[in-house]
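Commentary on secondary and tertiary structure
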Amino acid sequence: MILKVAKTTNINGTIRISGSKNSSLALICASLLSKEEVVLNNVPDIEDIKKIIEILRSIGSNIKYENNTLTIQNRKISYKVNSELVRQIRGSSYLIGALLARCKKVEISEPGGCNFCDRPIDLHLYAANLLGYVVKNTSPLIIKKGNVTSNTIIFPKKSVGATINTIFMASNIDGITTIINPSLEPEVLDVCKLLKKMSIEISIEENKILINGVKKLTKIISYPIVHEVIPDRIEAGSYLLLASSFPNSKIEIQNVNSSHLTNVLILLKSLGAKIIKTPDSIKLESPQTLKNTNLIISEYPYFPTDLQQILSSTLLFSQSKSVIEDRVFPKRLSHLNELKKLGAKIYLENEQIIIEPSILSSSIVEAKDLRCAMALVIAAAHAEGVTLIEKGEYLLRGYENPLSKMKRLGVNVDIIY
Ligand code: EPU
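About the criteria used
Residues numbered from 1 in each chain as written. Predicted model: local features only at pLDDT ≥ 70, side-chain atom pairs only at ≥ 80, totals over all residues. Heavy atoms only, no water. Helix = DSSP H or I, 4+ residues; strand = E, 2+ residues; numbered from the N terminus. Rg over C-alpha atoms; globule rule 2.2 N^0.38 Å. Buried < 20%, exposed > 50% of the residue type's maximum accessible area, 1.4 Å probe, protein only. Pairing = 2+ DSSP bridges. Axes fitted to C-alpha atoms, helices over the stretch in contact; angles between N-to-C directions. Contact = heavy atoms within 4.5 Å. Near = heavy atom within 4 Å. Polar contact = N/O pair within 3.5 Å; in protein donor to acceptor, adjacent residues only side chain to side chain. 1 Å grid on protein atoms, 1.4 Å probe; cavity = no way out; pocket = protein on both sides within 12 Å on 5 of 7 lines; lining within 4 Å. Sits in = over half its atoms within 2 Å of the grid points. Nonpolar A, V, L, I, M, F, W, Y, C, P; charged D, E, K, R; others polar. Domains from an automatic or database assignment. Points joined across faces, edges and corners; volume = space filled by probe spheres on them. Buried area = accessible area lost by both parts, 1.4 Å probe. Salt bridge = Lys/Arg side-chain N within 4 Å of Asp/Glu carboxyl O. Expected span 1.5 Å × (residues − 1). Core = buried A, V, L, I, M, F, W, Y, C linked by side-chain atoms within 4.5 Å.

1. Quick word on the overall build of the protein chain
- When helices and strands are tallied, the protein chain shows 13 helices and 24 strands.
- Here the C-alpha radius of gyration of the protein chain, 21 Å, is about what a compact globule of 417 residues would show, namely 22 Å.
- Oriented by its inertia axes, the alpha-carbon framework of the protein chain measures out at about 60 × 45 × 40 Å.
- Here the protein chain holds 417 residues, and the buried ones make up 58% of them.

Below, the structure written as structure tokens:
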């Protein structure tokens, strides 16, 4: 898909934020822990969700998807996941933990995903080992029950995926498993909320998650198990950054949890934006001239890595040089060369991204991954002339209705084909 983006002058309007992509991917896999019907509301209609649904169907799930509501029934499930789709989405790695909890074994191709850099699963396997699973590092990967027992898992570094997979595995093992140094992203807490509805006792303390696992889910309070997916904080942040990049924008984003965006809002205010929060919406007014920043990106509650590429584009339009350092994915740099094609003064120095005020002009660029695609749309909307973005379909992997939402805000964007 090729996107055509023409110079845009004004960003104004109101849009509704969709449900979280990353929560939904994990929640859909979490449904495998139960044989009861699971109903997930506010699931975004995006490519990655369609793929995970297809993978679940291939192992026996019965799934209905209508108007952002997923109804899932997992009566008879196969532990073998050899779908080619597994290599296409990172979220498929949640099948490791979910199927171990459900079937006590799993056979799965190596999970893939947005290939912006190397994305190992060693921490997932480390936790599986410590819980008594035997990992055969073959292709496909085979993990089987050994002497399975609850344990204390100390992660040497925080990982969203490894934390969620460990919670899944521990949910079905009698006794208390403690995760030390877990990821505590809102998406991880959203998964815990669903599992609690399945009668799994989970408590969260400072830098610790305790899971009191049960072999059989017996105490489910009400059927079906219904859960509302949290709003997508990265989608929200993307549109706030888009609006901030243009002078005097006024936007309102609805269906958003501002407490998930605390450090994003602090950053936007430091750049000069005015922010007004209500319980489920955020209004932003951008300044005439955007200030610069010196920012470290790290795990939640820090500014999120998923907005790093998009922030890089926004900062091209600030008054002076900015420096950002992404400590979660330091090699998530696919946007740099593409932005340079538009004339951006952006480069890497000692693992820091240096961004200087730039005047852009149109070119042909290529989206290399999901967040790179959004970063390119923002930059292209500032460039003189008409920019073509190849592989624009990356946008559809993670943003629901991105073109209609951007058009509603005033971005001159269209699909050529
Ligand atoms: N890591 C390891 N070993 C592992 C797992 C991770 O070294 O076994 C490293 C990674 O290489 C990275 C860091 O730990 O340096 C954090 O990775 P994490 O495991 O937290 O990332 P993930 O679970 O693979 C999820 C999101 C990403 C998001 C990250 C960080 C999903 C499907 N993906 O990935 O979302 O960037 O957490 O918040 O939930 C996106 O939406 O654009 C996206 C890439």
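Now that the structure has been shown, we can carry on.
2. Points about the sheet that holds strand 2 (residues 12-16)
- With mixed pairing, four strands are arranged side by side in an open sheet as 2-15-17-16. Taken across any chain shown, the strands that pair with only one partner, and hence form the sheet edges, are strand 2 and strand 16 (274-278). For this sheet, the mean inter-axis angle between neighbouring strands, taken without regard to orientation, is 10 degrees.
- Summarising the sheet, strand 15 (residues 250-254) and strand 17 (residues 281-285) pair through five bridges and their orientation is antiparallel. Residue pairing in the sheet places Glu252 in a bridge with Lys283 of strand 17.
- Strands in contact with helix 8 (residues 262-270) are strand 16 and strand 17; relative to strand 16, the strand with the most contacts, it is inclined by about 150 degrees.
- The sheet strands contacting helix 13 (residues 402-409) are strand 2 and strand 15, and the helix crosses strand 2 at an angle near 150 degrees.

3. A look at the environment of Ile77
- With respect to the helices and strands, Ile77 occurs in the loop between strand 5 (69-73) and strand 6 (80-81).
- Through-space distance from the C-alpha of Ile77 to that of Leu99 is 8.6 Å; in sequence the pair is 22 residues apart.
- Residues within four places of Ile77 in sequence aside, it is in contact with Leu32, Ile59, Gly60, Ser61, Leu99, Arg102 and Cys103.

4. Some thoughts on the site of the ligand
- Around the ligand, a shell composed of 24 residues is seen, among which Asp122, Ser159, Val160, Asp306 and Val328 lie nearest.
- Between Pro120 and the ligand, the recorded distance is 3.3 Å, taken from a backbone N or O atom to an oxygen atom.
- Here a nitrogen atom of the ligand sits 2.7 Å away from a polar atom, N or O, in the side chain of Asp122.
- With respect to the detected pockets, the ligand is housed in the largest pocket.
- Taken together, the residues that form the shell around the ligand break down as nine nonpolar, six polar and nine charged.
- Counting contributing residues, the shell around the ligand receives three or more from each of domain 1 (3-18 + 232-415) and domain 2 (21-228).

5. Structural notes on empty space enclosed by the protein
- Applying the stated criterion across every chain, the model contains one cavity of 30 Å³ or more.
- For the largest cavity, the calculated volume is near 40 Å³.
- Around the largest cavity, the lining residues are Ser20, Lys21, Asn22, Glu187, Asp232, Arg233, Ile234 and Arg371.
- Elements supplying a minimum of two residues to the lining of the largest cavity: helix 1 (21-30) and helix 7 (233-245).

6. Concerning the domain arrangement of the protein chain
- Along its sequence, the protein chain is organised into domain 1 (3-18 + 232-415) and domain 2 (21-228).
- The distance between the C-alpha centroids of domain 1 and domain 2 comes to 31 Å.
- With 22 residues of domain 1 at the interface, the matching set in domain 2 holds 23 residues.
- The junction of domain 1 with domain 2 conceals about 1,800 Å² of combined surface from both sides, 53% of it contributed by carbon and sulfur atoms.
- At the boundary of domain 1 and domain 2, one finds two salt bridges.
- The partner of Glu187 in a salt bridge is Arg233, and the shortest N-O contact between them spans 2.8 Å.
- Run the count over domain 1 and domain 2 and you get eight residue pairs in polar contact (both at pLDDT 80 or more).

7. Brief notes about the pairing of strand 14 (residues 225-228)
- Side chains Ile225 and His227 of strand 14 all project onto a buried face; the interleaved residues Val226 and Glu228 project onto a face where none is buried.
- Alignment of strand 3 (residues 38-41) against strand 14, held across four bridges, turns out to be parallel. For Leu40, the partnering residue across the bridge sits in strand 14 and is His227.

8. What to know about helix 6 (residues 186-197)
- Its twelve residues give helix 6 an end-to-end C-alpha distance of 17 Å, which sits within 8% of 16 Å, the value for a rise of 1.5 Å per residue.
- Along helix 6, the positions that sit buried rather than exposed are Pro186, Glu187, Val188, Asp190, Val191, Cys192, Leu194 and Leu195.
- Looking one or two residues past helix 6, Ser199 carries a phi angle of roughly 80 degrees, positive in sign.

9. Here we look at the nonpolar core
- By size, the foremost hydrophobic cluster in this structure holds 67 residues, and its most contacted members are Tyr239, Ile253, Leu268, Phe303, Ile389, Leu395 and Met406.
- Ranked by residues supplied to this core, first place goes to helix 11 (residues 370-382) with ten residues.
- Excluding its chain neighbours within four sequence positions, the residues that come into contact with Tyr239 are Ile15, Ile17, Ile251, Ile253, Met374, Tyr399, Pro402, Lys405, Met406 and Leu409.
- With 66 residues, the next largest nonpolar core counts Leu27, Ile55, Ala98 and Ala170 among its residues.

10. Description of the pattern of salt bridges
- Throughout the structure, instances matching the rule amount to 15 salt bridges.
- Put simply, Arg87 and Glu84 hold a salt bridge, and the shortest N to O gap is 3.4 Å.
- A residue is classified by how much of its surface remains accessible, and Arg87, at 42% relative accessible area, is partly exposed.
- Here the salt bridges do not stand alone but share partners, grouping Asp45, Glu47 and Lys50 into one network.

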